[in-house]
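Take a look at the letters that make up each chain.
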Amino acid sequence: MDEHNVPGGAGLASPLPAALPRIGKRARWRGAGVWIARILLFLCLLAGAFCSLCPSGRTAVRALTILPGILSASQPIWQKPVAEPVVHTLRTLSTASGLVYLDVYAPSAGAPPVPGSREGMLMITGVGDNRQEPQVVNFAQTLARAGMVVMGVTTPALMDDRVDAGDREAVVEAFQILQHWPTVGAARVGMFGISAGSALICLAAADARIRDQVAFISLLGAYFDTTTLLETLGRRAQVVDGKTQSWSPVAVPLQALASTIAPALPDGDGALLIQTFANYPAGALSSQQLAQLAPQSAALYHLLAGDQPRSVTENLAALTPDLRALLVQLSPSSVVSQLHAPVYLLHDRTDQFVPVSESQAFAAALARLHHTYDFAEFGIFQHADVRAGTGLPQLLGDGQRLFRLLSKVAQVGS
Amino acid sequence: MATFALLLSWAALGLLIALLALAARLKPAKWRRAGLLMFGLGTGFAGGLLGFWLFGRLFSCPAALWCAALAVCLPAAYTGLRKRLVGVV
């Protein structure tokens, strides 16, 4: 036998042994690919089942659907196939102070068998007639597209740029109407307040007729106590995380407070203050005009104008007992111990309408009462509007906080 | 248009799951590739319909996903179980 023909003999060239390692590698990769595909399939099964069968999965899906709509202030295109068609209904409520408008945004379809009924949310957006405001309409429609029924409440006082504690009755009645709205589960109705609307939300949520039925209270840009709000305005400074910082408000809260408190001032004084702050800062009063005001009216002027930051305590003391009682009546602090629903606070940390120190005080009070609450500060909001041109890191950080709070709200309907 | 896009997305999810099943070698020997793809498409569609009715529009796509994933695994699971119990390929 020729050694050249003996398999394994020295010098014999054969293609087979060199090819074996390559074929083995290919088979290994193929094997790995099979297992990767199986793992992906299993993950798809888990993810799909979690997002449809589990309440917490459905909550996450709902919150993830709502979040882009809020942040972009419009409906993302990819949501159009899965968004529920929405119907807008306008109802009115006759009250002693006039017609209260109820703008209801609801999915047009009936409630699905799981969970059997829809979540409702009563919303008050603050002073002014905000019913046609694009961001307000977008917000209500975004929630409705995610399966919620949203009822916006606008009272005559709010349209007059003032807060009236008497509107509490109308808000309670609106809440009860929402509880009985078609497809809404009576135990799945919460409340959402923005800015001055938060005070009415808290006053109504503390009402004995409904306090045990409110599923949640969510407040954006809320104030806690009208007196401390006046104090902050008067000093043009707020205490945030224990540090005093200067703070300059825009004209809107001054106008709202002047309009709200004016009816409790002597005739003429109230109208003058409303006129003054409607043109703020241009319409500052002369010393002659100030001299003609009643002491409590002058004190209120100085607090709102912020022109006597060192005399805030004296100016607050100059307010009459009636005025002080009115301030207490309009404060969520007066009813915080009567709230039974969990409270979720959101606040723009550079808010120039209501200082963030107010929500911090609210959170501190809730903590002292061992009340269920959550509180987050944001940079993506400008008071209640979504800020344009926010950078990605801010968007991601605040988006994660907003998702957390949205999940708590959406949990109720899942 | 939105509803058509939704139906299409259920079918697409089912097809995607069937492609994954092919890559995972879960196709029974007697089945053709096209058969598994159609099966995945069909079960994705059916799962989406079930999810739409049971949970609402928003959750129909996750339902399509898990229904298709479960369905494409069943033939391979059945074959494997039969092999173990009966010892027949």
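All of these numbers come straight from a predicted model, not from anything done at the bench.

A. Expanded view of the sheet that holds strand β3 (residues 118-124) of chain A. All names here are of chain A. In space, the 8 strands of this open sheet follow the order β1-β2-β4-β3-β5-β6-β9-β10, with mixed pairing throughout. The outermost strands of the open sheet, each flanked by one partner alone, are β1 (86-95) and β10 (373-378). Sheet twist, expressed as the average angle between the axes of neighbouring strands with direction ignored, equals 20 degrees. The pairing of strand β6 (residues 217-220) with strand β9 (residues 343-348) spans 4 bridges and is classified as parallel.

B. Representation of the environment of L392(A). All names here are of chain A. Within the secondary structure layout, L392 lies in helix α15 (residues 392-410). Its relative accessible area of 58% is what places L392 among the exposed residues. Put simply, L392 and A341 are 51 residues apart on the chain and 34 Å apart in space, counted from C-alpha to C-alpha.

C. Structural view of the packing of aromatic side chains. Evaluated as defined, the whole model comprises 8 aromatic pairs over all chains. With centroids separated by 5.3 Å and ring planes inclined at 90 degrees, the aromatic side chains of W31(B) and F39(B) adopt a geometry described as edge-to-face. Look at F39(B) and you get partly exposed, because its relative accessible area is 29%. Within the aromatic cluster, the residues linked to one another by ring pairs are F277(A), Y280(A) and Y301(A). Of note, R38(A) hangs over the ring of W35(A), and the distance from its end group to the ring centre comes to 5.0 Å. For the cation-ring pair, R131(A) lies above Y101(A), with the distance from its terminal atom to the ring centre recorded as 4.2 Å.

D. Layout of the pattern of salt bridges. Residue and element names in this part refer to chain A. Tallied over the full model, the rule gives 12 salt bridges over all chains. The shortest N-O distance in the salt bridge between R131 and D129 comes to 2.8 Å. Exposure remark for R131: the relative accessible area of 19% places this residue in the buried category. Across the pair D160 and R162 runs a salt bridge whose closest N-O atoms are separated by 4.0 Å. Residue class for R162 comes out partly exposed when judged on its relative accessible area of 25%. Taken together, the shared-partner salt bridges connect R168, E169, D207 and R209 into one network.

E. Representation of the interface of chain B and chain A within the structure. Listed as interface residues are 26 residues of chain B and, on the opposing side, 28 residues of chain A. In total, about 2300 Å² of surface goes out of reach between chain B and chain A, with carbon and sulfur atoms giving 78% of it. Among the residues chain B hides against chain A, the three largest losses belong to F55(B), L58(B) and F59(B). Together they make up 29% of the total. Taken together, chain B and chain A are joined by 0 salt bridges. Put simply, chain B and chain A have 5 residue pairs in polar contact (both at pLDDT 80 or more) between them.

F. Quick look at the nonpolar core. Residue and element names in this part refer to chain A. Counting 81 residues, the largest nonpolar core has L122, M151, M191 and L230 as the members making the most contacts within it. Non-local contacts of M151, meaning those with residues more than four positions away in its chain, are made with L102, D103, V104, M121, L122, M123, A174, I177, L178 and W181. Listed in part, the 34 residues of the second largest apolar core include A63, V136, F192 and F378.

G. Representation of helix α14 (residues 356-368) of chain A within the structure. Residue and element names in this part refer to chain A. The terminal C-alpha atoms of α14 lie 19 Å apart, and with 13 residues this matches the ideal 18 Å at 1.5 Å per residue to within 8%. Within α14 the residues assigned to the buried category are V356, S357, E358, S359, Q360, F362, A363, A365 and L366. Taken together, the buried residues of α14 touch α6 (197-205), β6, α7 (226-235), β7 (237-240), β9 and β10. Of the residues trailing α14, H370 is marked for its positive phi of about 55 degrees.

What counts, and where the lines are drawn
- Residues numbered from 1 in each chain as written.
- Chains lettered and ligands numbered in written order.
- Predicted model: local features only at pLDDT ≥ 70, side-chain atom pairs only at ≥ 80, totals over all residues.
- Heavy atoms only, no water.
- Pairing = 2+ DSSP bridges.
- Helix = DSSP H or I, 4+ residues; strand = E, 2+ residues; numbered from the N terminus.
- Axes fitted to C-alpha atoms, helices over the stretch in contact; angles between N-to-C directions.
- Buried < 20%, exposed > 50% of the residue type's maximum accessible area, 1.4 Å probe, protein only.
- Phe/Tyr/Trp six-rings, centres within 6.5 Å; stacked < 30°, edge-to-face > 60°.
- Lys NZ or Arg CZ within 6 Å of the ring centre and 35° of its normal.
- Salt bridge = Lys/Arg side-chain N within 4 Å of Asp/Glu carboxyl O.
- Contact = heavy atoms within 4.5 Å.
- Buried area = accessible area lost by both parts, 1.4 Å probe.
- Polar contact = N/O pair within 3.5 Å; in protein donor to acceptor, adjacent residues only side chain to side chain.
- Core = buried A, V, L, I, M, F, W, Y, C linked by side-chain atoms within 4.5 Å.
- Expected span 1.5 Å × (residues − 1).

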